[in-house]
Structure formats: C-alpha cells, structure tokens
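Each chain, letter by letter, is given below.
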Amino acid sequence: MKRKMSVSGAFYPGRAVEIERYFEHFSTVYDEHNTLPHDKSRVVIVPHAGYIYSGYSANIAYRVLQHSGVKKFVIIGPSHKIGFDGVSLCNFNSYETPFGDIKSSDFLQQALMEKFGLTCTEEAHMEHSTEVQFPFVKHYIEDAEIVELVYSFAVAEELSKIIDYVLSYKDCGVVISTDLSHFYTLSNATRLDNICLEAIEKIDVKRLYEGCEACGKLGVEAVLLSAKKLGLKSKLLDYRTSADASGDTDRVVGYVSACFYE
C-alpha cells in the first residue's frame with residue numbers, strides 16, 4: 001500500500017521542478033543574511049502551512065537535518081480532519097511525493113507497533129500537517145525512510161515515550177509538525193507566539209501553557225519533555241507569520257522552526 005498525496009497542488013506544487021524553485025529561493029534568501037547552524041540535530045520542529053507561507057521556515061530545519069547523517073525519521077503531526085483516541089501509525093509501504101516515493105522504515109514501523117501497540121486509523125493519514133514534510137525529506141535526505149504518526153486525543157507523556165524510544169537509536173530522528181497562533185491581528189499573534197518561542201527555547205513545558213496556541217502544542221510538549229529528559233539543547237531557527245507573505249495583518253498565522261541537539 002502507498003500513502004498517496006492528498007494536498008499536492010494545494011499546500012505545495014504538484015511538480016518537482018516547481019518545488020525545487022521554492023527550495024532554491026528559500027535557501028538563497030537565507031544564505032544572503034545568515035549562516036546555517038552546524039549543530040548535529042536529529043530532532044526538529046517545523047510548520048505545516050502552504051509553502052508560500054511557511055516553507056521558508058521549514059526549509060532551514062531540513063537543511064540542518066541534511067547534515068545529521070540520519071536516514072530514518074518519524075514524522076509526527078496533529079490531526080486536522082478527524083478525531084480519535086491516541087496516535088495512529090501509518091502502516092503503508094511507501095509515501096508518494098512529486099520527487100518520487102519515500103520508503104517506509106520497516107524497522108521503525110514494526111518496532112513502534114510492537115512496543116507501543118500502535119495501530120492505523122487510515123482516514124487520519126490524509127493529513128496535511130505531516131504530508132507537507134514529505135517533499136522536504138525526499139529532496140534533502142538521500143535514501144530516507146520514514147514513518148508517519150498522526151495524533152488526536154493523545155497524552156503528551158505517552159507521545160514523549162515514543163520520541164524517547166526513537167531517539168534511543170542513533171540513526172533515527174524525529175520531526176514535530178506544528179503551526180502557531182491562528183487568525184489574530186499581527187500584534188496579538190506575535191504576543192502569543194512569543195510564549196511558544198520562549199517555551200521551546202528554554203525547554204519549558206510550563207511556559208507552553210501560559211498562552212501558546214499552537215495547533216500541534218501536544219507534539220511540542222512531548223518533544224520538550226523528551227529534550228529535558230535527554231539533556232538536549234534547543235535553537236530557534238526561524239519565526240515568521242503569514243503576513244510576511246500576504247501582507248494581511250488582520251488574520252495572521254504564526255510559524256516556527258527549531259532544532260534540538262546534544
């Protein structure tokens with residue numbers, strides 16, 4: 001079974017050549033003003049809006065991951081379409097992208113099913129929060145293998161145990177997908193988003209619950225719990241809002257990318 005694209009042509013272009021133009025543009029603009037961090041990171045937080053809005057932020061994180069040497073990743077995102085208990089594991093054999101298919105990690109898939117009893121809620125895997133990450137993975141990480149996890153009514157501590165387990169293998173990494181506040185004015189959005197940024201930067205779960213309105217807050221909480229347990233450090237890579245692309249400052253969505261390292 002193949003995990004088919006469900007938001008191609010909407011959240012990201014349907015043709016590889018058009019996506020490459022985005023990636024090249026994002027990288028060129030970033031490199032004109034910044035130096036890519038050299039930290040060896042296996043864990044990132046990335047946004048999941050349309051590439052025109054949040055692709056620049058995500059692109060930085062995947063360029064960091066590109067230098068990690070890691071080939072196997074669990075990609076974790078919130079469900080936006082259906083509600084269900086716990087975490088769903090995509091048990092398909094491959095993931096379709098405009099760059100070609102990504103192979104499922106048989107090792108991680110089997111290990112997570114056996115250790116945590118994860119099953120597949122198939123309807124959950126038409127999810128954009130995870131799917132928009134697949135072209136980045138395919139483009140930047142040669143021979144990558146992935147497993148998609150989508151959560152709904154889950155517990156952060158339990159998701160953190162999954163992250164801990166994945167990171168116990170030095171050749172495995174984790175991608176956490178989230179956007180930040182939704183549809184506030186620019187000033188209110190940045191006020192709320194700064195709470196999220198501070199929580200990530202300081203690895204402070206308590207701060208996360210003092211006003212952060214990330215749609216993937218549970219995933220962020222889980223990775224912060226893991227980072228604290230594992231003694232990881234964090235680094236904010238980029239923050240922006242939809243207003244940077246659209247010019248609309250009345251109904252803004254926030255985006256962040258960050259990495260964690262030893």
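Right above here is the structure, for reference.
Residue positions are given per chain, counting from 1 as you read along its sequence in written order. With the structure being a predicted model, the display of local features is reserved for residues of pLDDT at least 70 and the display and counting of side-chain atom pairs for 80 or more, all residues being used for whole-chain, interface and lining totals. The side-chain quantities take in all heavy atoms of the structure and omit both hydrogens and water.

A few points about the environment of Tyr62
Then step 1. Among the secondary structure elements, Tyr62 is positioned in helix H2 (residues 51–66).
Then step 2. Relative accessible area decides the class of each residue, using a 1.4 Å probe on protein chains only: under 20% of the type maximum gives buried, over 50% gives exposed, and in between gives partly exposed. Exposure remark for Tyr62: the relative accessible area of 0% places this residue in the buried category.
Then step 3. In this structure the C-alpha to C-alpha distance between Tyr62 and Ala189, which are 127 residues apart in sequence, comes to 25 Å.
Then step 4. Contacts are residue-level and defined by heavy atoms, with any inter-residue pair within 4.5 Å sufficient. With residues up to four places along the chain from it excluded, the contact list for Tyr62 reads Val46, Gln133, Phe136, Val137, Tyr140 and Val175.
Then step 5. A distance of 2.8 Å separates the side chain of Tyr62 from the side chain of Gln133, its partner in a polar contact. The secondary structure listing takes helices from DSSP runs of H or I that are at least 4 residues long and strands from runs of E that are at least 2 residues long, numbered from the N terminus. Polar contact is defined as a pair of N or O atoms within 3.5 Å, subject to the rule that within protein one atom must be able to donate a hydrogen and the other to accept it, and that residues adjacent in sequence are counted only when both atoms are side-chain atoms.

Here's the deal with the packing of helix H3 (residues 106–116) against helix H6 (residues 156–167)
Then step 1. Each axis is a line fitted through C-alpha atoms, and for a helix only the stretch in contact is used; angles between axes span 0 to 180 degrees, taken between their N-to-C directions. Where H3 contacts H6, the two axes come as close as 11 Å, and the packing angle between them is 135°. Of the possible angle classes, the one that applies to H3 and H6 is oblique. Both H3 and H6 take part in a crossing whose hand is right-handed. Taking contact as the criterion, the partners of Leu108, Ala111, Leu112, Lys115 and Phe116 in H3 are, on H6, Lys161, Ile162, Tyr165 and Val166.
Then step 2. The residue makeup of the contact of H3 with H6, split by class, is seven nonpolar, no polar and two charged. Any angle that is under 35 degrees is reported as roughly parallel, and any over 145 degrees as roughly antiparallel; angles of 65 to 115 degrees are reported as roughly perpendicular and all others as oblique. For a crossing to be left-handed, the near helix must be turned anticlockwise from the far one by less than a right angle; the clockwise case is right-handed. Residues were grouped as follows: Ala, Val, Leu, Ile, Met, Phe, Trp, Tyr, Cys and Pro as nonpolar; Asp, Glu, Lys and Arg as charged; and all remaining residues, including Gly, as polar.

Observations concerning the packing of aromatic side chains
Then step 1. Note on aromatic contacts: the rings of Phe and Tyr and the six-membered ring of Trp form a pair at centre separations within 6.5 Å, being stacked when their planes are under 30 degrees apart, edge-to-face when over 60 apart, and tilted otherwise. A full pass over the atoms with the stated rule returns 15 aromatic pairs.
Then step 2. Ring centres of Phe23 and Tyr51 lie 6.0 Å apart, and the angle between their planes is 40°; this geometry places the pair in the tilted category. In this pair, Phe23 is assigned in helix H1 (residues 16–33) and Tyr51 in helix H2, connecting sequence segments 28 residues apart. You'll find Phe23 and Tyr51 in the same group, each marked buried.

Things to note about the pattern of salt bridges
Then step 1. Whenever Lys or Arg places a side-chain nitrogen within 4 Å of a carboxyl oxygen from Asp or Glu, that contact is recorded as a salt bridge. Scanning all chains against the criterion turns up 15 salt bridges.
Then step 2. With its nearest N and O atoms 2.9 Å apart, the salt bridge here joins Lys2 to Asp101. Here Lys2 is found in strand E1 (residues 2–3), whereas its partner Asp101 is found in the loop between strand E5 (94–95) and strand E6 (102–104), with 99 residues between them in sequence.
Then step 3. On the accessibility criterion, Asp101 (33% relative accessible area) is partly exposed.

Considering the side chain of Thr130
Then step 1. When you line up the elements, Thr130 lands in helix H4 (residues 128–131).
Then step 2. Note on Thr130: relative accessible area 0%, which makes it buried.
Then step 3. Within the local environment of Thr130, its side chain forms a polar contact with the backbone oxygen of Glu127, the two atoms lying 3.2 Å apart.
Then step 4. Ignoring sequence-local partners within four residues, the contact set of Thr130 consists of Arg3, Ile75, Ile76, Gly77, Glu148, Leu149 and Val150.

Re the state of the cysteines
Then step 1. Note that a disulfide, as used here, is simply two cysteine sulfur atoms within 2.5 Å. Under the defined criterion, the tally for this structure stands at one disulfide.
Then step 2. Each sulfur in the disulfide pair Cys196 and Cys212 lies 2.1 Å from the other. The chirality of the disulfide connecting Cys196 with Cys212 is right-handed, given an S-S dihedral of about 105°. Placement of the pair is Cys196 in helix H7 (residues 186–202) and Cys212 in the loop between helix H8 (205–208) and helix H9 (217–230), with a sequence separation of 16 residues.

Focus: the environment of Ser6
Then step 1. With respect to the secondary-structure elements, Ser6 resides in the loop between E1 and H1.
Then step 2. The spacing of Ser6 and Glu96 is 90 residues in sequence and 9.6 Å in space, taken between C-alpha atoms.
Then step 3. In this structure, Ser6 is in contact with Met126, Glu127 and Glu131, ignoring residues within four places of it in sequence.
Then step 4. Looking at Ser6, its side chain comes within polar contact range of the side chain of Glu131, at 2.5 Å.

Observations concerning the nonpolar core
Then step 1. We call a set of buried residues a nonpolar core when its members are Ala, Val, Leu, Ile, Met, Phe, Trp, Tyr or Cys and they connect through side-chain atoms within 4.5 Å of each other. Counting residues in each nonpolar core, the largest one holds 45 residues, and the members touching the most others are Ile45, Ile76, Leu112, Leu149 and Phe260.
Then step 2. Take this core: its biggest share by element is seven residues, from H6.
Then step 3. Apart from residues no more than four positions distant in its own chain, Phe260 is found in contact with Ser41, Arg42, Val43, Ile45, Ile200, Ile203, Val223, Leu224, Ala227, Leu232, Lys233 and Ser234.
Then step 4. By size, the runner-up hydrophobic cluster in this structure holds 36 residues, among which are Phe23, Ala61, Phe136 and Tyr140.

Examining H6
Then step 1. End to end, H6 covers 16 Å across 12 residues, agreeing with the expected 16 Å (1.5 Å per residue, within 8%).
Then step 2. Counting buried positions over the 12 residues of H6 gives nine, a clear majority of the element.
Then step 3. Buried within H6 we find Ala156, Leu159, Ser160, Ile162, Ile163, Asp164, Tyr165, Val166 and Leu167. A helix is expected to span 1.5 Å for every residue after the first.

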